[in-house]
Amino acid sequence: LEFSCAPKTVGVAVLQNGTETDSLKVADINFTSLKPGTNTFRYNLSAVEGVKALSNEAGFVTVKVTVPEQMQETFDILSNNISISNAPIDRSIDFTSSKVRGVTVFGSEQELAALNSDTIKARIDLTDVEVKDGRNKVSVPMYIKDSYGCWIYGTYEISFTSEKIY
């Protein structure tokens, strides 16, 4: 993928922590936010902990990622392809829907033709989720099993009900 960053260099002051640095991680760009064409992301350097922009008056960095044209396919993912980890042991978890609808996948025509709703999986980690009685909604991080030329675009959610087990 092609990318560009403007400005190309930025003068910053970094809080001294005893280590030398010649690079700075401003943000991650996740494939779920990339679609074919030019994708533009703007980051505020003042949001990076321990950093103050010196040379860039506005304190912003713009990153453009260009993704070549790809084919697009939409899938419905059955809830039995969604695994749950770290669920509270004293609670039941039951999905309120049998599927996540309209999952967008980009890739080559050949690679998309090899996919089906069973090759797209999801893994929900409930470690940091406050599971309450009744209806709950969580983000569903998806991945494609055994495919390296396709990616899932967008974010998806699913609802579940929960009750205390006595």
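Since we're looking at a predicted model, the values are computed, not measured.

Description of the side chain of Asn81
- Mapping Asn81 onto the fold places it in the loop between strand E6 (71-78) and strand E7 (82-85).
- A polar side-chain atom of Asn81 sits 3.0 Å from the main-chain carbonyl oxygen of Ser117.
- Excluding residues that lie within four positions of it along the chain, Asn81 makes contacts with Ser117, Asp118, Ile120, Lys121 and Ala122.

Concerning the sheet that holds strand E1 (residues 2-6)
- Spatially, E1-E5-E3 is the arrangement adopted by the three strands of the open sheet, whose pairing is antiparallel. Each edge of the sheet is formed by a strand with only one pairing partner; in this case those strands are E1 and strand E3 (37-44). Sheet twist, expressed as the mean angle between neighbouring strand axes with direction ignored, is 15°.
- Sheet topology places E3 next to strand E5 (residues 60-67); eight bridges connect them, and they run antiparallel. If you follow Gly37 over to E5, its bridge partner there is Val67.

Section: the sheet that holds strand E12 (residues 142-144)
- A sheet is described by the order of its strands in space; here three strands give the open sequence E7-E10-E12, paired in mixed fashion. Strands at the two margins of the open sheet, each flanked by one partner only, are E7 and E12. Taken over all neighbouring pairs, the strand axes of this sheet differ in orientation by 25° on average, direction set aside.
- Looking at chain direction, E7 and strand E10 (residues 120-125) are connected through four bridges and run parallel. Each residue of the ladder has a partner; that of Ser85, found in E10, is Asp125.

Quick word on the environment of Thr38
- Of note, Thr38 is situated in strand E3.
- Separated by 86 residues in sequence, Thr38 and Ile124 have C-alpha atoms that sit 30 Å apart.
- Dropping the residues within four chain positions of it, Thr38 is found in contact with Lys64, Val65 and Thr66.

Focus on the pattern of salt bridges
- Tallied over the entire structure, the rule returns four salt bridges.
- Between Asp133 and Arg91 there is a salt bridge, and its shortest N-O distance comes to 2.9 Å. Taken together, the residues Asp133 in the loop between E10 and strand E11 (134-139) and Arg91 in strand E8 (residues 91-95) connect sequence positions 42 residues apart.

Looking at the layout of surface pockets
- Put simply, the largest pocket is a space of about 260 Å³.
- Looking at the largest pocket, it is lined by 13 residues, and the ones nearest its centre are Cys5, Leu24, Lys25, Val26 and Val61.
- A per-class count over the lining of the largest pocket returns eleven nonpolar, one polar and one charged.

Looking at the environment of Ala87
- Of note, Ala87 is situated in the loop between E7 and E8.
- By relative accessible area, Ala87 is classed as partly exposed at 31%.
- Separated by 65 residues in sequence, Ala87 and Ile152 have C-alpha atoms that sit 25 Å apart.
- Contacts of Ala87, omitting those with residues within four sequence positions, involve Ile93 and Leu126.

Thoughts on the pairing of E5
- In E5, alternate side chains face the same way, and those of Val61, Val63, Val65 and Val67 are buried while those of Phe60, Thr62, Lys64 and Thr66 on the opposite face are not.
- Strand direction decides the pairing type here: E1 and E5, joined by five bridges, are antiparallel. Looking across to E5, one finds that Cys5 is bridged to Val63.

What to know about the packing of aromatic side chains
- Evaluation of the coordinates by the stated rule reveals three aromatic pairs.
- Centroid distance Phe106 to Trp151: 5.7 Å. Interplanar angle 40°. Geometry classified as tilted. Residue Phe106 is located in strand E9 (residues 99-107), and its partner Trp151 is located in strand E13 (residues 151-153); the two are separated by 45 residues in the primary sequence.
- Since its relative accessible area comes to 6%, Phe106 is described here as buried.
- These aromatic residues form a ring-pair network of at least three members: Phe31, Phe106, Trp151 and Tyr153.
- Its guanidinium or amino end placed over the ring of Phe60, Arg42 lies 3.9 Å from that ring's centre, counting from NZ or CZ.

The rules behind these values
- Residues numbered from 1 in each chain as written.
- Predicted model: local features only at pLDDT ≥ 70, side-chain atom pairs only at ≥ 80, totals over all residues.
- Heavy atoms only, no water.
- Helix = DSSP H or I, 4+ residues; strand = E, 2+ residues; numbered from the N terminus.
- Polar contact = N/O pair within 3.5 Å; in protein donor to acceptor, adjacent residues only side chain to side chain.
- Contact = heavy atoms within 4.5 Å.
- Pairing = 2+ DSSP bridges.
- Axes fitted to C-alpha atoms, helices over the stretch in contact; angles between N-to-C directions.
- Salt bridge = Lys/Arg side-chain N within 4 Å of Asp/Glu carboxyl O.
- 1 Å grid on protein atoms, 1.4 Å probe; cavity = no way out; pocket = protein on both sides within 12 Å on 5 of 7 lines; lining within 4 Å.
- Points joined across faces, edges and corners; volume = space filled by probe spheres on them.
- Nonpolar A, V, L, I, M, F, W, Y, C, P; charged D, E, K, R; others polar.
- Buried < 20%, exposed > 50% of the residue type's maximum accessible area, 1.4 Å probe, protein only.
- Phe/Tyr/Trp six-rings, centres within 6.5 Å; stacked < 30°, edge-to-face > 60°.
- Lys NZ or Arg CZ within 6 Å of the ring centre and 35° of its normal.

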